[in-house]
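# Examining the three-dimensional arrangement
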Amino acid sequence: MTKYSFKDSLLWQFSFSFAMVLLCIFFIFSGFYIYYNNNRFERQLVNRLDYNIKLAETTLPTAIWQLNYAYMNAFTESLLLDNSVVYIEISENQKSLIIKSRNVPSSVDFNFFQESSRFLTKKTIIIQDGKPIGAFKIVISKENVHKEIIINFITVSILAFFILIAILLTSFFITRNKIFIPLNSLVNAAKKISSGNLSIDIKISEKNEIGRLAFSLNTMRKSLQTLKEKAENERETAKAASKAKSEFLANMSHEIRTPMNALIGLAGLALKTDLTPKQLDYLQKIEFSSKALLGIINDILDFSKIEAGKLEMEHINFNLNNVMNNIYNLIGIKAKDKGLKLLFNLNRNIPDSLVGDPLRLGQVLLNLTNNAIKFTEAGQIAINIEREEINKEFKNDRVLLRFSVHDTGIGMTTEQVGRLFKAFSQADGSTTRKYGGTGLGLTISKRLVEIMGGKIYVESKPGKGSNFIFTASFDVQAEVKNTLYNIPMKELNVLDELKNIYGSSILLVEDNKINQLVAKEILEQAGMIVTVAENGIKALEAIQASLFDIVFMDMQMPIMDGYTATREIRKWEDGLPNRGDGKRLRIPVVSMTANAMVGDREKCIEAGMDDYLSKPIAPDQLYTILIKWIKPGERKFR
């Protein structure tokens, strides 16, 4: 915020300017005063000089003719009574008769005074009977006049100075009280209004321009206050609507994922039993349909996260080859079932070891390839990857890749292309009826591509197929930034890892009977010993009675939910004495919930949980959690 000093204020600027104006007036007045008085006094001296000359011309002729020195001395003495007269000379036929002076050396003559600007001089010829008989010379000094001018000037200047100071102070206080204090009040009020304080009342009753400004500012404040109240009401309404939407989606997620967990889990378990061909076919279709429904649910949740701006992107090392293999495994059978040829074309200058979010990259590719298969009845699907830059050198350890999914399907018109990438819409309304889908897939893909620093677009013609193209930027892993595609990655052997934790004691806290059955069966097939608790209180009692290697905790349960149960477990652990190794007991608690909305993971971690699993539970994910949190070794019971 800009800081202002008093010198920046209008009051200072006005006062300074006004003082300068008064000072200029003072100097102009002083110059005029000196000029005027100097001329006036000089005219007085000239008049006085002329008077003395006339006096000499009328009185001295007889005295000079008779050489009456007494009279001439008396005459000159009378003239010297005037302090301004400094030199008098009476002469006869070039012979000086009387010379008198004041404060002047005797060697100085009349010519000296004539050459100096400090004196006024005058000479006249004395005439008797029409004949010149002598001369009279007189010199008057300007010094006394100058002193008088200076004294008068100082006196008048002091008087004028105090008058100007009085005028300045008077104008200062008048303008300060009538203009600048009200203006400063308006400035402070405007600051408070700009900071959001709209309750301030501006009280300025003047009927001048400042009063009208205050009235306008007050009117604006009231309007802003009204708009703010309206905006706050609308924000609260929107916030309540958003909260209701989030709660609805969370509840729907929980209510849908709970039976979905049962469907997918039981179908998976049933597929591992001895089945007739018809039973196997039915169960495979149940599993396929359940996973398709789960995909729709995930799309809706992803869209909700993106709209809320809370979709988190990972920045981890991954292998592009593994991503493409996963895409092939997921869509290969679909393409084969429709008789479509599936092609992967990767440019050889593409680095395989990248840093980014492989899950979201795979999600975009999977969505585009699934759409390609859905809308293609014959021909092929080609997935192409190449570098966007022409230069093959890796610059700044970053690469921009260009992905394209080209099909030979039904294609689209220009109008249909324009409706793509919009939420809940497809190229044609009849498409939904024929091919199904929510219309969210491409919208989510577009947002994900933008988050990955790229863009997505489509080239298509009716009956000629479509080519969906998008770019995405990734960091190149430092240790392999100059290597090319097709570097194998070491894979974790989950079954071998599980052998090291056989017999681990698991507490499963779940209120739904079917989900209890599914999770218990999956865990027991992995060689675990499972204890089931149907709510938080039962879980707390079981933990206090037996030692478990890990706890899988559902969140929404009757009597005591998973959040409260976890907090109570942590409180109980804090009250226990240290173990032999000096550390406190801390049992890993993993959330296993159908809640999958933004912030659910954070709520679980805040409650004291160590990890998070979203239902439906995939066996591989469950086994990975077991390997992560259970230490290999002999199991001990308390």
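Quick caveat, the model's predicted, so the values are computed rather than measured. (Residues numbered from 1 in each chain as written. Predicted model: local features only at pLDDT ≥ 70, side-chain atom pairs only at ≥ 80, totals over all residues. Heavy atoms only, no water.)

### Notes on the overall build of the protein chain
Stated formally: Put simply, DSSP marks the helices as runs of H or I at least four residues long and the strands as runs of E at least two long, and each gets a number from the N terminus on. Note on definitions: a residue-residue contact is assigned when non-hydrogen atoms from the two residues lie within 4.5 Å. Only the protein chains shown count as covering a residue, and every accessible area follows the Shrake-Rupley method with a 1.4 Å probe.
On a plain count of helices and strands, the protein chain comes out with 17 helices and 16 strands. For the protein chain, long-range pairs separated by at least 24 residues make up 69% of all intrachain contacts whose partners lie at least 6 apart in sequence. Element-wise, carbon and sulfur atoms account for 57% of the exposed surface of the protein chain, whose accessible area totals about 36700 Å².

### Some words on the sheet that holds strand β16 (residues 611–614)
Threshold: When DSSP finds at least two bridges between two strands, those strands are taken to pair. For every element, the axis is a line fit to its C-alpha atoms; helices are fit only across the contacting stretch, and the angle between N-to-C directions ranges from 0 to 180 degrees.
Pairing is parallel in the open sheet, where 5 strands are placed in the order β13-β12-β14-β15-β16. Since the sheet does not close on itself, it has two edges, and those belong to β13 (529–533) and β16, each with one partner. Sheet twist, expressed as the average angle between the axes of neighbouring strands with direction ignored, equals 20°. Sheet topology places strand β15 (residues 589–593) next to β16; 4 bridges connect them, and they run parallel. By the bridge assignment, S591 is partnered in β16 with Y612.

### Concerning the packing of aromatic side chains
Cut-off, in case you're wondering: Two rings from Phe, Tyr or Trp (for Trp, the six-membered ring) form a pair when their centres are within 6.5 Å of each other. A pair whose planes differ by under 30 degrees is stacked, one over 60 is edge-to-face, and the rest are tilted. Here's how the labels work: a residue is buried when its accessible area is under 20% of the maximum for its type, exposed when over 50%, partly exposed in between, all with a 1.4 Å probe on protein chains only.
Enumeration according to the criterion identifies 6 aromatic pairs in this entry. Ring geometry for F32 against Y36: centres 6.1 Å apart, planes inclined by 15°, an arrangement best described as stacked. Taken together, the positions of F32 and Y36, both in helix α1 (residues 10–66) and 4 residues apart, correspond to about one turn of that helix. In this structure F32 comes out as exposed when scored by relative accessible area, which is 54%.

### Quick word on the pairing of strand β8 (residues 380–387)
In this structure, strand β6 (residues 341–346) lies alongside β8, joined through 6 bridges in parallel fashion. In the strand pairing of β8, N345 is matched with N384. Sheet analysis places β8 next to strand β9 (residues 398–407), joined by 7 bridges and oriented antiparallel. Following the sheet pairing, E386 is matched in β9 by R402.

### Points about a nonpolar patch on the surface
Going by this rule: Excluding any residue in a salt bridge, patches collect residues exceeding 30% relative accessible area, merging like charges within 9 Å and nonpolar Val, Leu, Ile, Met, Phe, Trp and Tyr side chains within 5 Å. When a carboxyl oxygen of Asp or Glu lies within 4 Å of a side-chain nitrogen of Lys or Arg, that pair is called a salt bridge.
Together, I150, I154, I158, F161, F162, I165, L169 and F173 make up a nonpolar patch on the protein surface, roughly 760 Å² of accessible area in all. Within the element layout of this structure, I150 appears in helix α4 (residues 143–194).

### Considering the confidence of the model for the protein chain
To keep it simple, the criterion reads: Per residue, pLDDT measures the predictor's confidence, with a range of 0 to 100.
Residues with a pLDDT of 70 or more make up 84% of the protein chain, whose mean pLDDT is 79. Residue range residues 429–436 is modelled with pLDDT below 50. Its contacts to residues more than four positions away, or to other chains, number 11 contacts. In the predicted structure, residues 481–492 sits below a pLDDT of 50 and forms 23 contacts with residues beyond four places in sequence or in another chain.

### Details of helix α7 (residues 320–337)
Filter applied, for reference: Expected helix span is given by 1.5 Å per residue-to-residue step, counting one fewer step than there are residues. The seven residues ending at a residue and the seven starting there each receive a fitted axis; the angle between those axes is the bend at that residue. In protein, a polar contact means a hydrogen-donor-capable atom and an acceptor-capable atom, both N or O and within 3.5 Å, with residues adjacent in sequence counting only if both atoms are side-chain atoms; elsewhere, any N or O pair within 3.5 Å suffices.
Taking 1.5 Å as the rise per residue, α7 with 18 residues should run 26 Å; its terminal C-alpha atoms sit 26 Å apart, in good agreement. Bending of α7 peaks at approximately 45° at the position of I331. Buried within α7 are the following residues: L320, N321, V323, M324, I327, I331, G332 and A335. Against β5 (316–319), β6, β7 (353–356), α8 (358–374), β8 and β9 lie the buried residues of α7. Where α7 starts, the residue carrying a side-chain oxygen 2.9 Å from the main-chain nitrogen of N321 turns out to be N319. Positive phi appears at G339, one or two residues downstream of α7, with a value of about 75°.

### As for the nonpolar core
Defined as follows: What is meant by a nonpolar core is a set of buried Ala, Val, Leu, Ile, Met, Phe, Trp, Tyr and Cys residues, joined one to another through side-chain atoms within 4.5 Å.
With 40 residues, the main nonpolar core has L361, L401, F403, F470 and F474 as its most contacted residues. Among the elements of the structure, α7, α8, β8, β9, α11 (441–451), β10 (456–461) and β11 (465–476) are those that each provide at least two residues to this core. Discounting residues that sit within four places of it in the chain, F470 has contacts with L361, V364, L365, L368, L401, R402, F403, V449, K455 and I456. If you look at the next biggest cluster of nonpolar residues, it comprises 25 residues, including A63, I64, V85 and I149.

### Regarding the pairing of strand β3 (residues 119–128)
Bridging between β3 and strand β4 (residues 131–141) involves 10 bridges; their strand directions are antiparallel. Counted as the bridge partner of Q128 is K131 from β4. Hairpin connection of β3 to β4: 2 residues between the antiparallel strands, including D129 at a positive phi of 55°.

### Structural notes on helix α17 (residues 619–629)
For the record, the criterion: The arc refers to the directions leading from the helix axis to the C-beta atoms.
Taken together, the buried positions of α17 are occupied by L622, Y623, I625 and L626. End-on view of α17: buried residues confined to an arc of 155°, all on one side of the axis. Those residues of α17 that are exposed and angled more than 90 degrees off the buried face are D620 and K628.

### Things to note about the side chain of Q477
Along the chain, Q477 falls in the loop between β11 and α12 (494–499). Taking the relative accessible area as the measure of exposure, Q477 reaches 9% and is therefore buried. Engagement of the side chain of Q477 in a polar contact is seen with the backbone oxygen of F318, the distance being 3.3 Å. A distance of 3.0 Å separates the side chain of Q477 from the backbone oxygen of L354, its partner in a polar contact. Beyond its immediate chain neighbours, meaning those up to four positions away, Q477 contacts N317, F318, S353, L354 and V355.

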